[in-house]
Amino acid sequence: MIRTRFAPGQEPNVLTSISEECGDGMCENCPGIFKRDDYPGESIFCVHECHKKRNQDGDITSDPA
Ligand SMILES: [Zn+2]
Ligand SMILES: [Zn+2]
């Protein structure tokens, strides 16, 4: 869990984590932004690596490295 702070006056803070969907390997069901009971009222951005690897066709591509 990483809390990214904005400069004063540029709230809200943004939480980043991995959604339950991505955690369970069901990346196609991940909404990208989700909620958690332990962070009520906050939107959490899913930062699972699948969101970085999807190309414009929505496929998951392998890392060339
Ligand atoms: Zn994922
Ligand atoms: Zn995700």
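As shown above, the structure is provided for reference.
Computed from a predicted model, the values in this text were never measured in an experiment.

*Asks:* Got a minute to help me understand the sheet that holds strand S4 (residues 39-46) in this structure?
*Replies:* What holds strands together in a sheet is hydrogen bonding between their backbones, with the strands either parallel or antiparallel. The mixed open sheet is built from 4 strands, whose spatial order is S1-S2-S4-S3. Every interior strand has two partners, whereas the edge strands, strand S1 (2-4) and strand S3 (33-36), have only one. Sheet twist, expressed as the average angle between the axes of neighbouring strands with direction ignored, equals 40°.

*Asks:* Can you help me understand the pairing of S4 in this one?
*Replies:* Across a regular strand the side chains alternate sides, sitting on one face of the sheet and then on the other. Pairing of strand S2 (residues 14-17) with S4 involves 3 bridges; the strand directions are parallel. Bridged to Thr16 within S4 is Phe45. Adjacent in sequence and paired antiparallel, S3 and S4 are bridged by 2 residues.

About the criteria used
Once a new chain begins, its residue numbering starts again from 1 and follows that chain's sequence as written. In the order they appear in the text, chains get letters beginning with A and ligands get numbers beginning with 1. Only residues with pLDDT of at least 70 are given local features in this predicted model, and only at 80 or more are side-chain atom pairs given and counted; all residues enter the totals for whole chains, interfaces and linings. For two strands to count as paired, DSSP must find a minimum of two bridges between them. Here a strand is any run of E in DSSP of at least two residues, a helix any run of H or I of at least four, and the numbering for each starts at the N terminus. To define axes, lines are fitted to C-alpha atoms, for helices over the stretch in contact only, and angles between the resulting N-to-C directions are given on a 0 to 180 degree scale.

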